[in-house]
Each structure stands twice: as structure tokens, then as C-alpha cells.
Amino acid sequence: MDLAEIFRVMCRRWYVLVPGLLLTAGLTVGAWLLVPVSYESQSTVAMLNSRKGAEADGNPFLSMEPSLTGMADSLARNVNSDVSAAELKSQGLTEKYEAKIADNAQGPLLWLTVTGEDPDAVLQGNKTLMAFTAQRLKDLQADQKVSPDSMIRITTIVPPQDPEAKLKSKVQYLVMAAGLGIVLSLVATFFAEARSRGRSPRKHRQDPDTERTEPAPEPVPTPAPAPAAAGPGRPADLAGHLTDGLLTGTDAQDTPDPHAAPERDRSDGDREQQPDQPTVQLPVLPAAERRPTKRPPSWVK
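To keep things clear, this report deals only with the structure shown in the data block.

## Focus on helix 6 (residues 168-199)
Then, in step 1: The end-to-end C-alpha distance of helix 6, which contains 32 residues, comes to 46 Å, matching closely the 46 Å that a straight helix rising 1.5 Å per residue would cover.
Then, in step 2: Within helix 6, burial applies to Lys170, Leu174, Ala177, Gly181, Ser185, Thr189 and Glu193.
Then, in step 3: Buried residues along helix 6 sit against helix 1 (3-12) and helix 2 (14-34).

## So, the packing of helix 3 (residues 66-79) against helix 5 (residues 119-143)
Then, in step 1: Packing of helix 3 against helix 5 leaves a shortest axis separation of 10 Å and a crossing angle of 115°. The interaxial crossing formed by helix 3 with helix 5 has right-handed handedness. When helix 3 is examined against helix 5, the residues Met71, Leu75, Asn78 and Val79 are found in contact with a partner set consisting of Leu129, Thr133, Arg136, Leu137 and Leu140.
Then, in step 2: Partitioning the contact of helix 3 with helix 5 into residue classes produces 6 nonpolar, 2 polar and 1 charged.

## Here we look at the environment of leucine 186
Then, in step 1: Its place among the elements puts leucine 186 in helix 6.
Then, in step 2: A C-alpha to C-alpha distance of 8.2 Å links leucine 186 and methionine 10, two positions 176 residues apart in sequence.
Then, in step 3: Look past the residues within four positions of leucine 186 in its chain and what remains in contact with it is Met10 and Leu17.

## Considerations on the nonpolar core
Within soluble globular proteins, side chains that are nonpolar tend to cluster in buried spots.
Then, in step 1: In this structure, Met47, Tyr97, Leu110 and Leu129 are the most contacted members of the largest nonpolar core, which totals 21 residues.
Then, in step 2: Elements with a contribution of two residues or more to this core: strand 1 (38-48), helix 3, strand 2 (96-101), strand 3 (109-116) and helix 5.
Then, in step 3: Counting residues per element, this core draws most heavily on helix 3, which supplies 6 residues.

## Thoughts on the packing of helix 1 against helix 2
Then, in step 1: Following both chains from N to C, one finds helix 1 and helix 2 inclined at 85°, their axes separated by 5 Å at the closest point. Judged by the angle between their axes, helix 1 and helix 2 are roughly perpendicular. From helix 1, Met10, Cys11 and Arg12 reach across to helix 2, where they touch Trp14, Tyr15 and Leu17.
Then, in step 2: Looking at side-chain class alone, the contact of helix 1 with helix 2 contains 5 nonpolar, no polar and 1 charged residues.

Quick notes on the rules
- Residues numbered from 1 in each chain as written.
- Predicted model: local features only at pLDDT ≥ 70, side-chain atom pairs only at ≥ 80, totals over all residues.
- Heavy atoms only, no water.
- Helix = DSSP H or I, 4+ residues; strand = E, 2+ residues; numbered from the N terminus.
- Expected span 1.5 Å × (residues − 1).
- Buried < 20%, exposed > 50% of the residue type's maximum accessible area, 1.4 Å probe, protein only.
- Contact = heavy atoms within 4.5 Å.
- Axes fitted to C-alpha atoms, helices over the stretch in contact; angles between N-to-C directions.
- Left-handed = near helix turned anticlockwise from the far one by under 90°.
- Nonpolar A, V, L, I, M, F, W, Y, C, P; charged D, E, K, R; others polar.
- Core = buried A, V, L, I, M, F, W, Y, C linked by side-chain atoms within 4.5 Å.
- Parallel < 35°, antiparallel > 145°, perpendicular 65-115°, else oblique.

Below is the structure:
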């Protein structure tokens, strides 16, 4: 099936395709209105060396040791745990959040991301997450009885950003709804075309096998005329036989008709070819005045 045939089928079954496309448009608009917009706010924090470790040069950013990256990874895993999620929920953070090491980071940097449908709640949740992360870092070191001068510090690199609308997921839902509606509309269109072709009766068309095997109609015989009354010179039994119409074509041909024109003799080569058709031989009853005086037929005794 080429494109032209597909276009013709779509034009013939427009009453199936058009409602399907309208339903698809309605489904797409409904998905746009019902699927909420997602907002995201992100902030960045960095691990700093302790005060005692930064005394040599007095600048903590010049003494970022590789061990700080390991501490940043450990802190992110702790913040993402179920225990931390329950504590954050009790503090009012009900939106989805995530803490991870920043992509392509050259140091111990953490991304704190909060996602939700309410932009104000998302922004407030990011601030809550930053405060919780700093407190969790202190608690982890306090559990190991680390002195305050030797504790790793945390600082804000990027404060919580204003929430941005993330339309990627919404657009994905719209594309899925539109694609599904178009596919179902085309499937329904071609299904209707297939059923219509299967149901269409083949009128004005006969089966050739039936035409070959159908017998020819039998000819209706013409009723014979009523026999005339038997004359005084003809036996009664001969009149009865003639009345029943039992004279064969041979006996009828043996009885000459004096008023009939003589048949022209034809040679075998001049005889016309007669079509092979069924013939009906009817009894011939000559009129009473035309009967010559002759002997009765051989079957009369």
C-alpha cells in the first residue's frame, strides 16, 4: 500500500478519522491542563578545611584536600537517607529533594536540589535543606568527638535559586498523548476500511462453476389438439390410441399428407448443419377428411 492509497483510505473513512483526531486534540488539551508544572530550585555548597588546617596560609580555599571530596560524598548519602527524609518532613520539607556531588566539580561541591509543584514551597524547602545539611555535617563529626577547631566546615557557594518551571516532563506527556491518539485514529480508520471490504456483497456476479454445472431448462411440451371423432371407416381402437397420443414420430412420418408440399431432395453435401438442440416430437393427427383408405398400422391388431 503506497501513500496515495493511504490518502484515499483516509478520505473515504473521514467519518472515523476526524472524530479520532478531535478526540486526540481534546486529550492533548486535557493533559496540558491536568498535568501540573514542576518547579525546581537548586543551591551549591562546598566543604572547607578546618580552622586548624587552614592556619598555614590562612585561606581555606587553598587547602582543599582530596579527603574533603570523600566527606562531601558521605554527607550527601546521609542527607538522602530515609532517616534524614523523615526529619526534613517533620521540619516542613514535603517536596522531593536530592543532595549529590556537583557534576564536573573540581572540588568538594554539593548540589542541593528541591523539586515540587508550588514555587514558594520549593524555595523555602531549599533553604531548609541547606540548614539541615550544615547541621548534619556537625553532627557526624561530633559523634566522632572531633574538636571544634578540627571540624570540616561548610559554606554556601550558590544560594537557593528562584524556582524554574520544568516543562520537559509535561511536554513528554503531551507528546505521548498526541502520538497515542493519532495511532489509534489511524488504526480505527484502516480497521473500518478492512471490515467494509470484507462485508461488501458481490452483487451481479455469478459463480463460473455454477454456470457450467447448471442444467439447461427443459422445454415445456405443447399440448396436442383434441382428437377428432372416429369415422365410420376407422376402427374404434385406432381412434382411442390416437386420442391418447401414443403415435410416435416414425408412425406419424409414415402417414403421408396429400396436401403437403413434396420435400426437396438434398444431397449430403448440401445439407445444413443443424445445431445440437433438444427436439420435441408431438403426435400428428390428420384431419378426418384427409385420411386415405389404407391398412391400419402394424401395432393395431
